[in-house]
Amino acid sequence: MNSEFVIAVHSLVLLAHRPDGMASSEEIASNVCTNPVRVRKVMSCLRKHGFVDTREGSGGGYRLSREPGDVTLADVYRALASGSLAPSWCSGDPQSDCLVGSNMAEVMNAVFCGADQHLETYFESITIGSMLSRLTAKARS
(Lines give C-alpha, C1' and ligand atoms only; values in the text may rest on other atoms or scores of the structure.)
Protein backbone atom coordinates (compact mmCIF):
# COMPACT_ATOMS: atom_id res chain seq x y z
CA MET A 1 0.00 0.00 0.00
CA ASN A 2 1.43 3.38 -0.84
CA SER A 3 1.23 6.59 1.13
CA GLU A 4 -0.55 8.41 -1.72
CA PHE A 5 -3.64 6.29 -1.02
CA VAL A 6 -3.60 7.28 2.66
CA ILE A 7 -3.13 10.96 1.77
CA ALA A 8 -5.97 10.75 -0.77
CA VAL A 9 -8.45 9.16 1.64
CA HIS A 10 -7.52 11.58 4.43
CA SER A 11 -7.89 14.54 2.06
CA LEU A 12 -11.24 13.43 0.69
CA VAL A 13 -12.65 12.83 4.18
CA LEU A 14 -11.36 16.25 5.27
CA LEU A 15 -13.07 17.92 2.31
CA ALA A 16 -16.29 16.05 3.09
CA HIS A 17 -16.05 17.27 6.70
CA ARG A 18 -15.49 20.95 5.89
CA PRO A 19 -18.71 23.02 5.99
CA ASP A 20 -17.78 24.83 2.77
CA GLY A 21 -16.24 21.67 1.31
CA MET A 22 -13.12 23.61 0.36
CA ALA A 23 -9.47 23.45 1.44
CA SER A 24 -6.13 24.58 0.07
CA SER A 25 -3.19 22.23 -0.34
CA GLU A 26 -1.53 23.94 2.64
CA GLU A 27 -4.59 23.34 4.84
CA ILE A 28 -4.83 19.72 3.73
CA ALA A 29 -1.09 19.18 4.23
CA SER A 30 -1.27 20.59 7.74
CA ASN A 31 -4.13 18.24 8.60
CA VAL A 32 -2.47 15.21 7.01
CA CYS A 33 0.92 16.13 8.51
CA THR A 34 2.81 16.08 5.24
CA ASN A 35 4.26 18.46 2.69
CA PRO A 36 1.92 20.55 0.48
CA VAL A 37 3.86 19.38 -2.59
CA ARG A 38 2.90 15.76 -1.83
CA VAL A 39 -0.70 16.82 -1.32
CA ARG A 40 -0.76 18.69 -4.64
CA LYS A 41 0.59 15.60 -6.42
CA VAL A 42 -2.12 13.40 -4.93
CA MET A 43 -4.86 15.99 -5.46
CA SER A 44 -3.82 16.35 -9.10
CA CYS A 45 -4.44 12.65 -9.57
CA LEU A 46 -7.76 12.88 -7.74
CA ARG A 47 -8.77 15.79 -9.98
CA LYS A 48 -7.77 13.83 -13.08
CA HIS A 49 -10.04 10.98 -11.95
CA GLY A 50 -12.98 13.28 -11.18
CA PHE A 51 -12.98 13.13 -7.37
CA VAL A 52 -12.19 16.82 -6.80
CA ASP A 53 -12.45 20.15 -8.57
CA THR A 54 -10.14 23.10 -8.09
CA ARG A 55 -10.75 26.79 -7.74
CA GLU A 56 -7.95 29.24 -8.43
CA GLY A 57 -7.12 32.44 -6.58
CA SER A 58 -7.92 33.81 -3.15
CA GLY A 59 -10.14 31.41 -1.23
CA GLY A 60 -9.42 28.73 -3.79
CA GLY A 61 -8.40 25.18 -3.27
CA TYR A 62 -9.91 21.76 -3.67
CA ARG A 63 -13.53 20.69 -3.37
CA LEU A 64 -15.18 17.28 -3.64
CA SER A 65 -16.86 16.88 -7.00
CA ARG A 66 -18.80 13.77 -6.00
CA GLU A 67 -21.00 12.94 -3.04
CA PRO A 68 -18.97 11.39 -0.16
CA GLY A 69 -21.33 8.41 -0.06
CA ASP A 70 -20.70 7.71 -3.74
CA VAL A 71 -16.90 7.50 -3.51
CA THR A 72 -15.62 4.13 -2.34
CA LEU A 73 -12.14 3.41 -1.11
CA ALA A 74 -11.96 0.97 -4.03
CA ASP A 75 -12.46 3.91 -6.43
CA VAL A 76 -9.58 5.75 -4.78
CA TYR A 77 -7.44 2.60 -4.63
CA ARG A 78 -7.92 1.94 -8.34
CA ALA A 79 -7.00 5.54 -9.17
CA LEU A 80 -3.89 5.73 -6.98
CA ALA A 81 -2.63 2.41 -5.71
CA SER A 82 -4.00 -0.57 -7.60
CA GLY A 83 -1.39 -3.29 -7.76
CA SER A 84 0.74 -1.67 -5.09
CA LEU A 85 0.68 -4.73 -2.84
CA ALA A 86 3.04 -6.61 -5.13
CA PRO A 87 6.70 -6.05 -4.40
CA SER A 88 8.90 -4.64 -7.14
CA TRP A 89 11.31 -7.55 -6.66
CA CYS A 90 10.66 -11.24 -6.22
CA SER A 91 13.06 -14.02 -5.36
CA GLY A 92 14.15 -16.81 -7.61
CA ASP A 93 15.51 -17.21 -11.13
CA PRO A 94 13.14 -18.33 -13.90
CA GLN A 95 16.12 -19.97 -15.63
CA SER A 96 17.01 -22.10 -12.59
CA ASP A 97 16.79 -25.89 -12.69
CA CYS A 98 15.22 -25.80 -9.22
CA LEU A 99 11.42 -26.12 -9.06
CA VAL A 100 11.22 -23.48 -6.29
CA GLY A 101 13.73 -21.04 -7.72
CA SER A 102 12.32 -21.14 -11.24
CA ASN A 103 8.68 -20.69 -10.27
CA MET A 104 8.57 -18.65 -7.06
CA ALA A 105 8.22 -15.25 -8.80
CA GLU A 106 5.20 -16.41 -10.80
CA VAL A 107 3.53 -18.03 -7.79
CA MET A 108 4.15 -14.97 -5.59
CA ASN A 109 2.77 -12.71 -8.30
CA ALA A 110 -0.45 -14.75 -8.31
CA VAL A 111 -0.64 -14.51 -4.51
CA PHE A 112 -0.28 -10.72 -4.58
CA CYS A 113 -2.77 -10.35 -7.43
CA GLY A 114 -5.30 -12.34 -5.40
CA ALA A 115 -4.63 -10.25 -2.31
CA ASP A 116 -5.06 -7.08 -4.36
CA GLN A 117 -8.43 -8.31 -5.65
CA HIS A 118 -9.62 -9.18 -2.12
CA LEU A 119 -8.51 -5.80 -0.81
CA GLU A 120 -10.32 -4.00 -3.62
CA THR A 121 -13.49 -6.00 -2.89
CA TYR A 122 -13.26 -5.06 0.79
CA PHE A 123 -12.70 -1.39 -0.11
CA GLU A 124 -15.90 -1.44 -2.21
CA SER A 125 -17.89 -1.55 1.05
CA ILE A 126 -16.31 1.60 2.51
CA THR A 127 -17.15 5.10 1.30
CA ILE A 128 -15.66 8.47 2.08
CA GLY A 129 -19.01 9.24 3.72
CA SER A 130 -18.82 6.18 5.94
CA MET A 131 -15.25 7.10 6.93
CA LEU A 132 -16.52 10.53 8.00
CA SER A 133 -19.36 8.86 9.92
CA ARG A 134 -16.86 6.66 11.76
CA LEU A 135 -14.82 9.71 12.74
CA THR A 136 -17.92 11.58 13.88
CA ALA A 137 -19.04 8.60 15.98
CA LYS A 138 -15.56 8.34 17.49
CA ALA A 139 -15.63 12.03 18.44
CA ARG A 140 -18.98 11.53 20.22
CA SER A 141 -17.77 8.60 22.32
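Since we're looking at a predicted model, the values are computed, not measured.

A. Summary view of the pattern of salt bridges. Evaluated as defined, the whole model comprises seven salt bridges. A salt bridge links Glu 27 to Arg 18; its shortest N-O distance comes to 3.6 Å. Here Arg 78 ties to Glu 120 by a salt bridge, and the two come within 2.7 Å at their closest N and O atoms. On the criterion of sequence distance, the pair formed by Arg 78 in helix α4 (residues 73–80) and Glu 120 in helix α5 (residues 99–123) is long-range, its members being 42 residues apart. A residue is classified by how much of its surface remains accessible, and Arg 78, at 38% relative accessible area, is partly exposed. Judged by relative accessible area, which is 18%, Glu 120 ranks as buried. One network of salt bridges, in which partners are shared, links Arg 66, Asp 75, Arg 78, Glu 120 and Glu 124.

B. Here's a closer look at the sheet that holds strand β3 (residues 61–64). Read from one edge to the other, the open sheet built from three strands follows the order β1-β3-β2, with strand pairing classed as antiparallel. The sheet is open, and its two edges are formed by β1 (22–23) and β2 (52–55), each paired on a single side. Here β2 pairs with β3 via four bridges, running antiparallel. What sits directly across from Thr 54, in β3, is Tyr 62.

C. Structural context of helix α6 (residues 128–140). If you check α6, its first and last C-alpha atoms are 19 Å apart, about what 13 residues at 1.5 Å a residue would give, namely 18 Å. Listed in full, the buried residues belonging to α6 are Ile 128, Gly 129 and Leu 132. Mapping the buried residues of α6 onto a view down its axis gives an arc of 100 degrees, with all of them on the same face. Buried-residue contacts for α6 involve α1 (3–17) and α4.

D. Examining the layout of surface pockets more closely. Its boundaries defined by the atoms lining it, the largest pocket holds a volume of some 190 Å³. Contributions of two or more residues to the lining of the largest pocket are made by α1 and α6. Class assignment of the residues belonging to the lining of the largest pocket gives a composition of seven nonpolar, four polar and no charged.

E. Geometry of α1. Between its first and last C-alpha atoms α1 spans 21 Å; for 15 residues at 1.5 Å apiece the expected length is 21 Å, and the two agree. Taken residue by residue, α1 has Phe 5, Ile 7, Ala 8, Val 9, Ser 11, Leu 12, Val 13, Leu 14, Leu 15 and Ala 16 as its buried positions.

F. Region of interest: the nonpolar core. Grouped together as the largest cluster of nonpolar side chains are 35 residues, with contacts concentrated most on Ile 28, Leu 46 and Val 52. For this core, the secondary structure elements donating two or more residues are α1, α2 (25–32), α3 (36–48), β3, α4, α5 and α6. Ranked by the residues each element gives to this core, the list is headed by α1, at nine residues. Residues in contact with Leu 46, not counting those within four places in the same chain, are Ala 8, Leu 12, Phe 51, Val 52 and Leu 80.

G. How the structure looks around the packing of aromatic side chains. For the structure shown, the criterion picks out four aromatic pairs. Judged by centre distance (5.8 Å) and plane angle (90 degrees), the rings of Phe 5 and Tyr 77 are edge-to-face. One end of the pair, Phe 5, is in helix α1; the other, Tyr 77, is in helix α4, and 72 residues separate them in sequence. Residue classification places Tyr 77 among the buried residues on the basis of a relative accessible area of 0%. Aromatic side chains Tyr 77 and Phe 123 sit 5.7 Å apart centroid to centroid with 70 degrees between the ring planes, which places their arrangement in the edge-to-face category. In this pair, Tyr 77 is assigned in helix α4 and Phe 123 in helix α5, connecting sequence segments 46 residues apart. Through a chain of ring-to-ring contacts, the aromatic side chains of Phe 5, Tyr 77, Tyr 122 and Phe 123 assemble into a single cluster.

So, how was this worked out
- Residues numbered from 1 in each chain as written.
- Predicted model: local features only at pLDDT ≥ 70, side-chain atom pairs only at ≥ 80, totals over all residues.
- Heavy atoms only, no water.
- Salt bridge = Lys/Arg side-chain N within 4 Å of Asp/Glu carboxyl O.
- Helix = DSSP H or I, 4+ residues; strand = E, 2+ residues; numbered from the N terminus.
- Buried < 20%, exposed > 50% of the residue type's maximum accessible area, 1.4 Å probe, protein only.
- Pairing = 2+ DSSP bridges.
- Expected span 1.5 Å × (residues − 1).
- Arc of directions from axis to C-beta.
- Contact = heavy atoms within 4.5 Å.
- 1 Å grid on protein atoms, 1.4 Å probe; cavity = no way out; pocket = protein on both sides within 12 Å on 5 of 7 lines; lining within 4 Å.
- Points joined across faces, edges and corners; volume = space filled by probe spheres on them.
- Nonpolar A, V, L, I, M, F, W, Y, C, P; charged D, E, K, R; others polar.
- Core = buried A, V, L, I, M, F, W, Y, C linked by side-chain atoms within 4.5 Å.
- Phe/Tyr/Trp six-rings, centres within 6.5 Å; stacked < 30°, edge-to-face > 60°.

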